[in-house]
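# Observations on chain architecture
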Amino acid sequence: MTRVAGGGRQIDAAAAFASENPLLIAGVAVVLFALLGAGIWLHRYLNRTPGERLRRTLTDYDRIAVLMHPNPDPDAMASALAVTQLIAGTETSASLQYPGEIRRPENRAFQTVLDLAFEHIETVEDIDEEAVVLVDHNTARGFPGAEEVEPVAVIDHHPGNGSGNEFTDIRSDYGACATIFASYFNQLEFEFSDTGESIDIDAAPAETIPCALATGLMYGIQSDTRSLTNGCESEDFAAAAFLYEGMDSDLLNRIANPQVDAEVLDVKSRAIGKREVRAPYAFSDVGEVSNTDAIPQAADELETLEGVSAVVVVGEKEGTMRIAGRSRDDRVHIGRAIEAVVDNIPMAEGGGHARMGGGKVPIKHMAGLGPSDGVSREDFRERVFDAMSGEL
């Protein structure tokens, strides 16, 4: 009884205090509600998926430029298209831009079969949008003024130090950038829709994945992972399984099996004929080429030779040596090997993944222009073998 009486007195005291201080009580209630609301908002904010965060970041702008890397491949093109579908139904418009060329047969087939329109840029002045998004690379490159680009968002699967001012999602363990976008759509619960072979950015229904986009993303994954056999993670397989439901196998077949350019066959032949093998590594210099995309295709061909587990092929166009490397050897991280080979050559670039890498070297700097003594073609070849052997 004593406890009940005591409790009653406390309640009466609280009621009296409340009646005497109504403004204070109201203020405390407002603060509590505000704290509760802030807690709910913070919980939702911290638990937003990357796709949600990217979507909200981009829809803060009226016009964005989605920038692909030089000479975009299917993974880059599919990823750029995915950005436009991610913001479909909003007031934000996107232009899909690239420097360089679309030359490789499968790249041209990708663009033609899916009836895609991209905007070619030559300098940074050609990017006339409020914000820039980088897909499938994390630092703008390949055109004058590229170093001035400060992207608001970066989505990539290549190693690098680039980042977006507002959003960065770099998953270097993934086999393709398309895998990242497939995960966005899956987590956002976008549904598949069949809108035909073309992708009309303005007409595609919001929160859906058109058949052509699903097919493009699927091929982006396949092309960057050699049909899910090279450099894959479980996420790549999961993304392919997710996209399978909405893709078109006929479109995929037409993209994957284009007619082969005659020069590509010629460069492959030269690569095989001029190869030097120091088992299990190979090197070939194919000389002058007009189609630089033939060089990585020649590297793909050489890697299939019996007894070869890592290969570098080089070729020259317009005063620049292009480098393509491939590796099936766990001892050879071909991206780092190429990076080491070109390390002290001014204006040279090189890098990539464990299985696939590339680079370019200005011939005039290779010959000694700038703060180096120069590197002969023979010395360059020796560097390549040293790097693949772990001696550089």
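Now for a quick tour of the structure. Here the structure is a predicted model, which is why all the values come from computation and not from measurement. (Residues numbered from 1 in each chain as written. Predicted model: local features only at pLDDT ≥ 70, side-chain atom pairs only at ≥ 80, totals over all residues. Heavy atoms only, no water.)

## Overview of the overall build of the protein
In terms of helices and strands, the protein carries 14 helices and 14 strands. Residue burial in the protein is summarised as follows: out of 392 residues, 49% are buried. In the protein, the share of contacts with a sequence separation of at least 24, taken over all contacts with a separation of at least 6, comes to 61%. When the accessible surface of the protein is split by element, carbon and sulfur atoms take 49% of a total near 19,200 Å². (Helix = DSSP H or I, 4+ residues; strand = E, 2+ residues; numbered from the N terminus. Buried < 20%, exposed > 50% of the residue type's maximum accessible area, 1.4 Å probe, protein only. Contact = heavy atoms within 4.5 Å. Areas by Shrake-Rupley, 256 points an atom, 1.4 Å probe, with all protein chains shown as cover.)

## Comments concerning the sheet that holds strand E14 (residues 356–362)
What the 6 strands build is an open sheet, ordered E9-E10-E11-E12-E14-E13; its pairing is mixed. Each edge of the open sheet carries a strand with a single partner, namely strand E9 (276–278) and strand E13 (349–352). When the angles between neighbouring strand axes are averaged without regard to direction, this sheet yields 10°. Here strand E10 (residues 281–288) runs beside strand E11 (residues 310–317); their pairing, made up of 6 bridges, is parallel. Residue pairing in the sheet places Asp285 in a bridge with Val314 of E11. (Pairing = 2+ DSSP bridges. Axes fitted to C-alpha atoms, helices over the stretch in contact; angles between N-to-C directions.)

## Observations concerning the side chain of Asn138
Along the chain, Asn138 falls in the loop between strand E4 (131–135) and strand E5 (153–156). Separated by 3.2 Å, the side chain of Asn138 and the backbone oxygen of His158 make a polar contact. (Polar contact = N/O pair within 3.5 Å; in protein donor to acceptor, adjacent residues only side chain to side chain.)

## Digging into the environment of Ala212
Secondary-structure assignment places Ala212 in helix H7 (residues 211–225). C-alpha separation for the pair Ala212 and Leu114, spaced 98 residues apart in sequence, amounts to 6.4 Å.

## Observations regarding the sheet that holds strand E2 (residues 93–98)
A sheet is described by the order of its strands in space; here 6 strands give the open sequence E3-E2-E1-E4-E5-E6, paired in parallel fashion. With partners counted over all chains shown, the strands left at the sheet margins are strand E3 (119–120) and strand E6 (167–170), one partner each. Direction of pairing for strand E1 (residues 63–67) relative to E4: parallel, over a ladder of 4 bridges. Counted as the bridge partner of Ile64 is Ala131 from E4. With respect to the sheet, helix H3 (residues 50–58) is in contact with E1, E4, E5 and E6, its orientation differing from that of E6 by roughly 140°.

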